[in-house]
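This is what each chain is made of:
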Amino acid sequence: MELLPLGFFEWAESSFLGYIGKTYGGIYATLGQSVHLISLAVLGGAVLVSDFRLLGWVLRDVPSEVVAEQAHKWFKIALFTIIASGVFMAAAIAIKLYYNSAYWAKMYALIAGVLFVFLVRRPLLRGDHSQINPWVLKLVAVASILVWVSVAATGRWIGFS
Amino acid sequence: MNELLYQFAEWLYATPWSRAIEESFYLYNWIETTHVLTVMLSLGMLIFIDLRMLGWVMPQVSAVKIAQRLNTAMMIGFVIMFITGILLFYAKPTYTIQSIWFRIKMVLLLGAFVNALLFHKRMMSSAGSWDMEPKAPAHLRLGAALSLGLWAGVVTTGRLIAYDWFHCYRDLPAAMAWAAGCVAD
């Protein structure tokens with residue numbers, strides 16, 4: 001099910017952003033795709049460092065509260081950059097994306113990821129982790145890894161669909 | 001040199017597995033997806049190590065400890081990334097060997113590798129004196145910034161391989177045709 005009507009995508013493609021992305025391939029590839037990928041690396045680092053710590057795989061001698069707090073700061077920066085570069089890229093090929101099932105799968109995964117982080121993960125991890133059942137922490141970490149890997153994988157498949 | 005490289009690429013192209021990978025929609029695309037996904041692991045860890053050296057993440061935690069503790073996960077990511085990268089090259093060797101972006105990417109990768117070796121050596125030889133400082137010494141911060149810049153270049157040129165703006169079947173200036181290794185269209 002599409003989240004927005006086709007008219008919105010037609011408007012996006014005819015907008016200034018859509019025009020820039022469609023007309024200048026170099027800008028689309030660098031400011032759009034490359035920035036999107038580099039931000040994905042930062043987001044991946046923030047998610048994985050924090051989740052691997054919750055799973056007890058890395059930095060076991062550093063309090064998980066410290067790791068989660070610091071990683072979240074970079075997660076927010078990366079998420080903002082990913083969304084900004086993603087909107088720029090999407091505007092250039094908006095009508096094509098409307099009919100692309102991988103694009104909608106990514107949007108649903110992204111919304112799920114953002115809701116999970118800001119409504120579940122972050123409120124839970126803001127407190128003292130020793131007060132939380134260790135299995136809950138591990139479950140949150142696994143869910144977090146799965147949701148963000150899904151966002152990245154469905155994002156890549158937009159280009160193949 | 002370009003002739004030799006192209007002959008090697010033609011030989012790879014003629015092998016059955018090269019054709020099998022390129023012609024399989026799911027196999028080729030899942031290899032490419034895995035290549036991109038491992039960016040999250042390998043470069044994700046690397047970026048965190050570099051950011052710590054610059055004093056932008058976990059400044060209260062030992063810098064050497066972070067570098068050492070994230071090293072295994074980072075190396076697992078790099079191994080998967082290199083294996084999938086080699087498979088992607090193997091699937092399209094004659095196109096890729098004549099891509100100027102691929103060649104620039106290889107130079108940047110070599111630069112990033114040498115920088116990482118030097119960085120590690122310098123970090124370990126001076127670790128005791130600054131390890132708990134919020135920022136690493138200037139020469140290590142320079143190495144970390146260089147690492148971030150080189151990897152940003154690797155990612156960018158890697159993405160640009162898909163674009164044929166400067167490919168050999170275009171009308172290229174002689175110097176660019178040489179740099180791209182143009183032997184055949």
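Check the entry above for the structure.
Presented here is a report on the structure given in the accompanying data block. (Residues numbered from 1 in each chain as written. Chains lettered and ligands numbered in written order. Predicted model: local features only at pLDDT ≥ 70, side-chain atom pairs only at ≥ 80, totals over all residues. Heavy atoms only, no water.)

1. So, the overall build of chain B
Part 1 of the argument: Scanning chain B from terminus to terminus reveals eight helices and zero strands.
Part 2 of the argument: Taken along its principal axes, the extent of the C-alpha atoms in chain B is 55 × 35 × 25 Å.
Part 3 of the argument: Burial status across chain B gives 50% buried among its 185 residues.
Part 4 of the argument: Put simply, 78% of the contacts in chain B that link residues at least 6 apart link residues at least 24 apart.
Part 5 of the argument: Accessible surface, chain B: about 9,400 Å² in total, of which carbon and sulfur atoms supply 70%. (Helix = DSSP H or I, 4+ residues; strand = E, 2+ residues; numbered from the N terminus. Buried < 20%, exposed > 50% of the residue type's maximum accessible area, 1.4 Å probe, protein only. Contact = heavy atoms within 4.5 Å. Areas by Shrake-Rupley, 256 points an atom, 1.4 Å probe, with all protein chains shown as cover.)

2. Details of the packing of aromatic side chains
Part 1 of the argument: Overall, the coordinates contain 22 aromatic pairs over all chains when judged by the stated rule.
Part 2 of the argument: Relative to B:Phe82, the ring of B:Phe78 lies with its centre 6.1 Å away and its plane at 20°, an arrangement referred to as stacked. Within this pair, B:Phe78 and its partner B:Phe82 are both found in helix α4 (residues 63-91), separated by four residues, close to a single helical turn.
Part 3 of the argument: Residue classification places B:Phe82 among the partly exposed positions, given a relative accessible area of 42%.
Part 4 of the argument: Of the aromatic side chains, those joined through ring pairs into one cluster are A:Phe8, A:Phe9, A:Trp11, A:Tyr98, A:Tyr99, A:Tyr103 and A:Trp104.
Part 5 of the argument: Sitting over the ring of B:Tyr13, B:Arg19 keeps its end group 3.6 Å from the ring centre. (Phe/Tyr/Trp six-rings, centres within 6.5 Å; stacked < 30°, edge-to-face > 60°. Lys NZ or Arg CZ within 6 Å of the ring centre and 35° of its normal.)

3. Description of the nonpolar core
Part 1 of the argument: Grouped together as the largest cluster of nonpolar side chains are 88 residues, with contacts concentrated most on A:Trp148 and B:Met53.
Part 2 of the argument: Per-element accounting of this core gives the leading share, 13 residues, to helix α3 (residues 25-53) of chain B.
Part 3 of the argument: Among all residues touching A:Trp148, those that are not within four sequence positions of it are A:Leu43, A:Val47, A:Phe75, A:Leu79, A:Leu110, A:Gly113, A:Val114, A:Val117 and B:Met40.
Part 4 of the argument: If you look at the next biggest cluster of nonpolar residues, it comprises 22 residues, including B:Leu88, B:Phe89, B:Ala91 and B:Ala180. (Core = buried A, V, L, I, M, F, W, Y, C linked by side-chain atoms within 4.5 Å.)

4. What about the pattern of salt bridges?
Part 1 of the argument: Evaluated as defined, the whole model comprises eight salt bridges over all chains.
Part 2 of the argument: In this structure, the salt-bridge partner of A:Arg121 is A:Asp51, at a minimum N-O distance of 2.5 Å. One end of the pair, A:Arg121, is in helix α6 (residues 101-125); the other, A:Asp51, is in helix α3 (residues 25-54), and 70 residues separate them in sequence.
Part 3 of the argument: Taking the shortest distance from any N to any O, the salt bridge between A:Arg156 and B:Glu32 comes out at 2.2 Å. In this pair, A:Arg156 is assigned in helix α7 (residues 134-158) and B:Glu32 in helix α3, connecting two distinct chains.
Part 4 of the argument: A relative accessible area of 16% places A:Arg156 in the buried class.
Part 5 of the argument: Put simply, A:Asp61, B:Lys65 and B:Arg69 are held in one network by salt bridges that share partners. (Salt bridge = Lys/Arg side-chain N within 4 Å of Asp/Glu carboxyl O.)

Bear in mind that shape data such as this cannot, by itself, settle questions of function.
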